[in-house]
Amino acid sequence: MDPTNRGPEEYGHGNDRIAEDAVRRRQSREPLTPDFGLQTPQQSRTVQLITGDFLLTVNPVDGSEIEPCPPGMQPAAPVRRTAAERAERERATAPPVPPGPPGPRLPLLEREEERERLVRLLAQGRSVRLTGPAGSGRTALLNAVAADCADLAPDGVVRLSGHRRTANELLYGLFEAVHRSPLYRPGREELEALVRGIGAVVVLDDLELGGSALEELLDATPECAFLFGAGPEVAAPTADSNLEEVFLSGLGRAASIELLEHVVERTLTDEEANWAGDLWFESQGLPLRFVQAGALLRQRDQLRTDPEAFDGYEDGDQDDLPFGRPAPVDVPLPSLGEGAAPAALLGSRMTEAARQTLRFAVALGGEVPHQAHLPALVGDTHADAALGELFVCGLLSPAGPRYRLAAGVLAQLEASGYGEEADTFARNAAQHYAWWAGHPSVTPERAVAEADAVLAALTHLVPRGDHAGTASAAVLLARSAAPAFAAGMRWGAWEKALRIGQEAARIAGEVAEEAYFHHELGVLALCAGNLDRARAELEVSIGMRGALADKPGAVAGRRALALVTDRSGLPLPVAGRTPSGEEVPAARHEESLSPSGVPGPPAVGPVFAARPAEEPSTLIAPRAVAPAAKATGASAARIGVLRGARRNLVAVGAGALLAAVLGTVVTLGATSGGEDPEGKNVTTEQSADEDDGESGLPEDEPGDEDAADDVTSGSRAPSTDSSGTASPSDSGTPSPSASEPGTSPSSDDATSGSPSDRPTSGDPSPSRTPTKSTSPTPTTAEPTDPTTEPTPDPTETTPTTPPSGPESSNSASGPAESATATASATSDGPAPDGTSDTTPTTLA
C-alpha cells in the first residue's frame with residue numbers, strides 16, 4: 001500500500017455515469033484557524049451509489065444523504081459475469097499466498113467415499129450439509145469437490161464464506177458473485193427476483209446459520225445446489241428440510257501416520273511412529289493435529305543439526321566460544337500434551353515478528369491482519385514473512401479472503417500468556433486501521449477485505465471503555481471505517497461498526513460523533529425499509545445536532561426524516577414539529593441543494609410557528625391603530641426586519657414585562673387610594689432634566705424608545721414644544737392630547753407608559769408619558785383595593801372628539817395596558833394596510 005501514489009485501481013474509475021459521480025470529492029470543513037504551516041487537510045471521499053429506488057451519497061463528514069433516485073440516473077439491468085470474469089473474481093477474493101518458501105502439498109487421504117457422494121448429490125441438484133469437528137479437514141474436502149463440480153451448473157461454482165454472515169448478507173454475496181452491477185445494490189424484492197434465476201453450485205464454508213434462517217436461504221435460491229461446511233455446534237436445519245447430511249470423522253491410524261510423513265517429508269522412526277500413534281488416539285485422528293505435529297518434528301530436526309536455528313535456543317555468539325561450535329545435541333520428542341496443544345511450543349521457536357503477529361491475532365479474537373499491515377503493526381519491514389511462517393506450521397486457516405487462527409489455537413495461546421497485553425495490542429491495531437481506512441488511497445474493496453479485523457478491534461475496545469483513550473480510539477476507528485464499509489456495499493459490517501461506534505461515543509461523551517452514528521443508522525434503516533427505526537434514529541440525531549448547532553448535519557437529517565415521513569404515508573410535519581412532537585429547526589436559504597442538484601423535500605416550518613393547543617392564550621393585547629396611520633419609509637423597512645425572527649424574542653420578553661407591569665399596577669392602586677383626592681384628574685408625567693446630558697434625551701436625535709415607537713405605531717409620534725403645544729407629527733396628524741402641567745412625576749409611570757406617547761424632539765422638558773385622560777372633561781379615580789386589580793371604566797376610553805391620528809387609542813387603561821400593547825404590537829406586527837391586525841382588548 002502506497003498512500004501517496006494511487007494506482008489505476010482507485011475506486012470509481014468506471015465508464016458509466018455513476019462511476020464518474022463517485023470520484024467527485026468534497027472539501028472537508030474549513031478550520032476555524034489557519035494551519036500555520038501544518039499539513040493541509042485531505043479531501044473527504046464521497047461515493048454515490050443506488051440502493052433500490054434511492055440515491056445514497058456516502059458522506060463521511062456530515063453524514064450520508066439519501067433521496068429518491070432522480071430521472072436519468074437509474075442503473076442498467078445487472079449483467080451476468082462470464083466464466084472468465086468469474087474465475088478472475090475468484091482469484092481476487094481468494095486468500096493471498098503467504099510469502100516465504102511454500103509448504104509441502106498434502107494429499108486428501110481416506111476421503112474418496114465422501115468426495116464421490118458429495119459430487120453425486122450435487123449433480124442431482126440436491127443441497128448437502130457437510131458436518132465435522134474443527135480440524136477434520138472440511139475445507140480441503142470442499143476445495144476438492146468444488147474442482148470436480150466446475151462444469152455442472154450454468155453459472156459455475158461460487159465460493160462463499162459464512163463466517164459471521166447472515167442469510168441476507170449471503171444472498172447479496174451470491175448476487176455480486178454472479179452479476180456485474182457497479183455501485184448498485186438492489187432492493188430486497190429485486191434481489192430475490194435476481195437470485196431466483198441463478199443456477200450455480202454454491203460452496204459455502206464456515207456456515208453459522210441453522211433452522212429457519214437456513215431455510216430462508218434455500219427458499220430464495222431454488223435453482224442453486226448448496227454444499228455447506230459446518231461444525232457440530234451450529235444449529236441443525238428444520239425437520240422438514242430437504243438438506244442431505246454428511247458427517248466427516250477423523251482419519252485412521254495408518255492414514256494419520258502417512259499424513260505426518262508427508263508433512264515431515266521423510267520416513268518416521270520407530271520412536272516417532274509410536275509417538276504419532278499415541279497422538280492419534282489423543283486427537284481422534286484430526287488431520288490438523290498431525291499437520292501441527294509435523295511442524296514440531298521439522299523444528300526438532302533443525303535443532304538437532306543446528307542448535308542456533310531458533311531464537312529460544314541461542315546463548316550468545318557460538319563462534320566466539322573457545323572450543324568452537326558444540327556438537328549436535330539429541331533433542332527429545334515433544335510430550336504428548338505438547339503434541340496435542342502445540343501452539344505455545346511452536347510459537348516459542350519462531351521469529352519475534354511471528355510471535356508479535358500471534359499477539360495481535362489473540363487481541364483481535366483470532367483474526368489475523370493482512371500481511372500488508374504487519375510491517376506497520378509489528379514495526380519490522382520484513383514482518384510480512386511471518387504470515388507464511390505461521391501458515392506452514394498449521395497455526396492459520398483460510399477464512400474467505402483472509403486468514404485466521406486455526407481451530408483451538410486461540411485458546412492455547414491465551415493459556416500460554418499471549419493475551420496478557422491484549423488491550424494494548426488491540427488499541428494499536430485500532431489506531432492503525434483508523435488511519436488506514438480513512439486514507440483517500442484506500443479503496444472500499446480493500447477496506448471491506450479487512451472488515452473482520454476492524455470489527456474485532458472495535459469489539460475488544462468497547463467493553464473496556466473505562467480505560468483512558470480506549471473508547472475514543474474505538475470512536476475514531478468506527479468513524480473512519482463505517483463510510484468505507486458503506487461504499488463497499490458490505491452493509492452488515494457497516495451496521496456493526498455504527499452500533500459499536502455509537503456505544504463507544506456514548507461512553508466517551510462525544511455527542512457530535514454519537515449524533516453522526518444515529519444519523520447513519522437511520523439512513524441504513526430507511527434503505528432496509530424499517531421506517532419506524534429510521535424515524536427514531538433520525539429524530540435523535542436531529543435533536544443532538546440541533547443542540548450542537550451543527551447546521552449541515554441537521555439539514556441532512558431533516559431531509560432523510562422528510563423522506564421517511566413520505567414513505568410512511570403520514571402527513572408532513574406541521575408547524576415545525578416532527579410526527580413524534582419534537583421541534584426541529586427550519587431549513588433556510590443558506591442550505592445547500594441535494595447532491596444530485598434536485599431540490600430536496602420541503603422544509604418544515606419555524607420552531608415557534610405554532611403554539612400547542614394546551615398552552616393558555618397570551619394576556620398581551622396590541623393597541624388599536626387608526627386606519628389612517630400607514631407604515632411608510634424607514635418605519636416600514638424596520639417593520640419588515642422585525643416581523644421575522646425578532647418577533648419571537650419580543651414575544652418572550654413581553655411575557656416577562658407583563659409580570660412586572662402587573663405588580664406595578666397593584667402597587668399604584670394601593671398607594672393612589674389614600675393620596676389622590678376624589679374628583680381630581682390623575683396624570684402621570686415626567687420631564688427630562690435639561691441639565692442632564694447623559695440620562696436625558698438629546699434634542700437632535702431620537703432615543704431607542706423612539707425607534708420602537710416608530711415600529712409599533714407605524715408613524716412618528718408628535719412632539720411638544722416648550723410652550724406645551726403639540727407640533728404636528730411626520731404623518732401630518734395633530735396630537736389629540738397634551739401634557740398637563742403641575743402634576744408630580746412618577747418613576748413607575750415613566751417606565752410603564754406607552755412608548756408611542758414619548759417625544760422625539762422638542763424642548764428640554766418633553767413629556768415622557770401621556771396624560772391619563774384624553775378629554776378636558778375631568779374624571780375621577782376611584783380608590784383601588786390593593787387586593788384586587790383595577791377595572792377601567794369603559795366611559796373613560798371614549799374620547800370626546802373623533803380620533804384623528806395614531807395617538808387616539810384608548811389610554812385610560814393606564815400604563816400597564818400601554819406597555820403590554822406596545823410589546824404585543826411589536827411581536828405581531830401591523831397588517832398589510834398599516835393598521836393593527838387585532839382588536840383592542842383590556843387587561844382582565
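Residues numbered from 1 in each chain as written. Predicted model: local features only at pLDDT ≥ 70, side-chain atom pairs only at ≥ 80, totals over all residues. Heavy atoms only, no water.

Asks: Please clarify how the overall build of the chain should be interpreted in this entry.
Replies: Secondary structure summary: the chain contains 29 helices and 17 strands in total. Within the chain, buried positions represent 45% of all 844 residues. In the chain, once contacts between residues fewer than 6 apart in sequence are set aside, the share between residues at least 24 apart is 73%. Accessible surface, the chain as shown: approximately 40,500 Å² in total, 53% of it carbon and sulfur. (Helix = DSSP H or I, 4+ residues; strand = E, 2+ residues; numbered from the N terminus. Buried < 20%, exposed > 50% of the residue type's maximum accessible area, 1.4 Å probe, protein only. Contact = heavy atoms within 4.5 Å. Areas by Shrake-Rupley, 256 points an atom, 1.4 Å probe, with all protein chains shown as cover.)

Asks: How should I be thinking about the nonpolar core in this particular structure?
Replies: Core analysis: the biggest nonpolar cluster contains 95 residues, and Ile 66, Leu 458, Phe 485, Trp 491 and Trp 494 have the highest contact counts within it. Among the elements that line this core, the one with the most residues is helix α20 (residues 470–487), at 11 residues. Dropping the residues within four chain positions of it, Leu 458 is found in contact with Ala 474, Leu 477, Ala 478, Ala 497 and Ile 500. Counting 29 residues, the second largest nonpolar core, distinct from the first, contains Leu 171, Tyr 172, Ala 177 and Leu 209. (Core = buried A, V, L, I, M, F, W, Y, C linked by side-chain atoms within 4.5 Å.)

Asks: I keep staring at unusual backbone geometry and nothing clicks. Help me out?
Replies: Trans is the common state for peptide bonds, and a negative phi is the common state for residues other than glycine. Its identity is not glycine, yet Leu 183 carries a phi of approximately 55°, on the positive side. Following the sequence through the fold, Leu 183 ends up in the loop between β9 (179–180) and β10 (184–185). Classification of Leu 183 by relative accessible area gives buried; the value is 6%.

Asks: Please clarify how the sheet that holds β10 should be interpreted in this entry.
Replies: Across a sheet, strands are paired by hydrogen bonds formed along the backbone, either parallel or antiparallel in direction. If you walk across this open sheet you meet the four strands as β5-β4-β3-β10, and the pairing is mixed. Edge positions in the sheet fall to β5 (65–68) and β10, since each has one partner strand and no second. Where strand β4 (residues 54–58) lies against β5, four bridges are found, and the strand directions are antiparallel. Looking at β5, one finds that Thr 57 is bridged to Glu 65. Sheet strands touched by helix α24 (residues 551–568): β4 and β5. Its angle to β5, the strand with the most contacts, is close to 35°. (Pairing = 2+ DSSP bridges. Axes fitted to C-alpha atoms, helices over the stretch in contact; angles between N-to-C directions.)

Asks: Quick question: what am I supposed to make of helix α8 (residues 253–264) here?
Replies: Helical geometry note: an α-helix holds 3.6 residues per turn, so side chains three or four residues apart project in the same direction. With 12 residues, α8 should reach 16 Å at 1.5 Å per residue; the first-to-last C-alpha distance of 17 Å fits that figure. Turning to α8, its buried residues number three or more, namely Ala 255, Ser 256, Ile 257, Leu 259, Leu 260, Val 263 and Val 264. In this structure, the buried side of α8 is in contact with α9 (270–283) and α10 (287–305). Residue Glu 265 follows α8 closely and has a positive phi angle near 65°. (Expected span 1.5 Å × (residues − 1).)

Asks: Can you help me understand the packing of aromatic side chains in this one?
Replies: How two aromatic rings sit relative to each other is given by the distance of their centres and the angle of their planes. Using the criterion set out here, one finds six aromatic pairs in the structure. The residue whose ring lies beneath Arg 185 is Tyr 172, and the NZ or CZ to ring-centre distance is 3.6 Å. A cation over an aromatic ring shows up here: Arg 479 above the ring of Tyr 516, its NZ or CZ 3.5 Å from the ring centre. (Phe/Tyr/Trp six-rings, centres within 6.5 Å; stacked < 30°, edge-to-face > 60°. Lys NZ or Arg CZ within 6 Å of the ring centre and 35° of its normal.)

Asks: Looking at this structure, how should I read the pairing of strand β7 (residues 128–131)?
Replies: For a regular strand, side chains alternate in direction, first toward one face of the sheet and then toward the other. The two faces of β7 match: Val 128 and Leu 130 on one face and Arg 129 and Thr 131 on the other face are all buried. Pairing between β7 and strand β12 (residues 225–230): four bridges, direction parallel. Its bridge partner being in β12, Leu 130 is matched across the sheet by Gly 229. Taken together, the four bridges between β7 and strand β13 (residues 244–247) define a ladder with parallel strand orientation. Within β13, the residue paired with Thr 131 across the bridge is Phe 247.

Asks: Where do I start with the side chain of Glu 114 in this structure?
Replies: Here Glu 114 shows up in helix α3 (residues 112–123). No salt bridge is formed by the buried Glu 114; the nearest opposite charge belongs to Arg 111, separated by 4.5 Å. Ignoring anything within four residues of it in the chain, the contact list for Glu 114 reads Leu 141, Val 246 and Leu 248. (Lys, Arg positive; Asp, Glu negative; His and termini not counted. Salt bridge = Lys/Arg side-chain N within 4 Å of Asp/Glu carboxyl O.)

Asks: How should the packing of helix α5 (residues 167–178) against helix α6 (residues 188–196) be read in this particular structure?
Replies: Packed helices, taken two at a time, are described by the angle between their axes plus the distance between the axes. Two numbers describe how α5 lies on α6: the axes approach to 10 Å, and their chain directions differ by 55°. With respect to their mutual orientation, α5 and α6 come out oblique. Remark: the crossing between α5 and α6 carries left-handed chirality. Where α5 approaches α6, its residues Asn 168, Leu 171, Tyr 172 and Phe 175 are matched on the opposing element by Arg 188, Leu 191, Leu 194 and Val 195. (Parallel < 35°, antiparallel > 145°, perpendicular 65-115°, else oblique. Left-handed = near helix turned anticlockwise from the far one by under 90°.)

Asks: Teacher, can you tell me more about the environment of Cys 393 here?
Replies: Here Cys 393 shows up in the loop between α15 (385–392) and β14 (396–399). Residue Cys 393 is classed as buried on the basis of its relative accessible area of 8%. Sequence separation between Cys 393 and Arg 298 is 95 residues, and the spatial gap between their C-alpha atoms is 9.4 Å. Setting aside residues up to four positions removed in sequence, Cys 393 forms contacts with Val 291, Gln 292, Ala 295, Gln 299, Leu 346 and Met 350.

Asks: Looking at this structure, how should I read the pairing of β14?
Replies: In terms of strand pairing, β14 meets strand β15 (residues 402–405) through four bridges, oriented antiparallel. Looking across to β15, one finds that Ser 397 is bridged to Arg 404. Taking the residues between adjacent antiparallel strands as the criterion, β14 and β15 are bridged by two residues, where Gly 400 takes a positive phi near 70°.

Asks: Looking at this structure, I do not really get the packing of helix α13 (residues 352–363) against α15. What am I missing?
Replies: Relative to each other, α13 and α15 sit at 80°, their axes nearing to 9 Å. The pairing of α13 with α15 is recorded here as roughly perpendicular in orientation. Contacts from Ala 353, Ala 354, Thr 357 and Leu 358 of α13 reach α15 at Ala 386, Glu 389 and Leu 390. Classifying every residue of the contact of α13 with α15 by side-chain character gives five nonpolar, one polar and one charged. (Nonpolar A, V, L, I, M, F, W, Y, C, P; charged D, E, K, R; others polar.)

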